[in-house]
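Read off the chains here:
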Amino acid sequence: PSNAAKGTYKVLACADRLDQGAELDEHDNCSASSTSIDINGPDLRISQVSVSAITTTTFNVTDKTSNPVNVGVAPASSTGFYLSTDTTKSSDDLAIHDCSVSGSRSLRAVPSLTAGQSSTATTTLPRCYSDSTGVHPLPSGTFRVLACADAPDDIGELNENNNCLASAAATF
């Protein structure tokens, strides 16, 4: 069933499932399969990320969002982008954001991905970030861009800790 929890299951075959026939022993009507079936969820991850065409107002990020083989179907999702001084996503990374005060966080729409599928796209991003005090221009310097699959963290995945990948260092 589509609402089955992730896990490993056996298939049961049962005779007289509705208990319509009178039997001497009503407790021996089912037998489990000898093999198991794994029901897995998706596992979105970024398998490639690069930065190019850095200008005074924008830059391009090309990323490949993947859902590996032997996992469940991933619904449509979003990939988010962060400016970082290292290769690991943390609270001090800057979330790339539209430069207008009323703008929104910069995300890439990723279509639904079946097991083994991926989606590659180049996204033009503004040179702004947002924090609790508002929207600001990106600082100058050498940084990495983190591309993070399932950026809003709204898809239940097999592994929630492998969603981000850092680009090579780039000068802004």
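Everything numeric here is computed off the predicted structure, so don't read it as measured data.

About the cut-offs
- Residues numbered from 1 in each chain as written.
- Predicted model: local features only at pLDDT ≥ 70, side-chain atom pairs only at ≥ 80, totals over all residues.
- Heavy atoms only, no water.
- Helix = DSSP H or I, 4+ residues; strand = E, 2+ residues; numbered from the N terminus.
- Buried < 20%, exposed > 50% of the residue type's maximum accessible area, 1.4 Å probe, protein only.
- Contact = heavy atoms within 4.5 Å.
- Areas by Shrake-Rupley, 256 points an atom, 1.4 Å probe, with all protein chains shown as cover.
- Polar contact = N/O pair within 3.5 Å; in protein donor to acceptor, adjacent residues only side chain to side chain.
- Core = buried A, V, L, I, M, F, W, Y, C linked by side-chain atoms within 4.5 Å.

A.B. asks: What is the right way to look at the overall build of the chain in this model?
C.D. replies: What the chain contains, in helices and strands, is 0 helices and 13 strands. Of the regular secondary structure in the chain, the N- to C-terminal order runs β-β-β-β-β-β-β-β-β-β-β-β-β. The proportion of buried residues among the 172 residues of the chain is 34%. When contacts within the chain are restricted to residue pairs at least 6 apart in sequence, those whose partners lie at least 24 apart make up 68%. Working note: accessible area of the chain is about 9,800 Å², and carbon and sulfur atoms make up 51% of it.

A.B. asks: I keep staring at the side chain of N163 and nothing clicks. Help me out?
C.D. replies: Looking at the element boundaries, N163 is found in the loop between β11 (142-148) and β12 (164-166). One polar contact links N163 to E157, side chain to side chain, over a distance of 3.0 Å. Leave out the neighbours within four places in its chain, and N163 touches L44, R45, I46, A147, C148, A149, D150, D153 and E157.

A.B. asks: What should I look at first to understand the nonpolar core in this one?
C.D. replies: In a soluble, globular protein the nonpolar side chains are often hidden away together inside. Ranked by size, the top nonpolar core spans 23 residues in total, and within it F59, V61, L83, V145 and F172 carry the most contacts. In contact with L83, not counting residues within four places along its chain, are D93, L94, I96, L138, P139, F143, R144, V145 and F172. Grouped together as the second largest cluster of nonpolar side chains are 5 residues, Y82, A95, L146 and A166 included.

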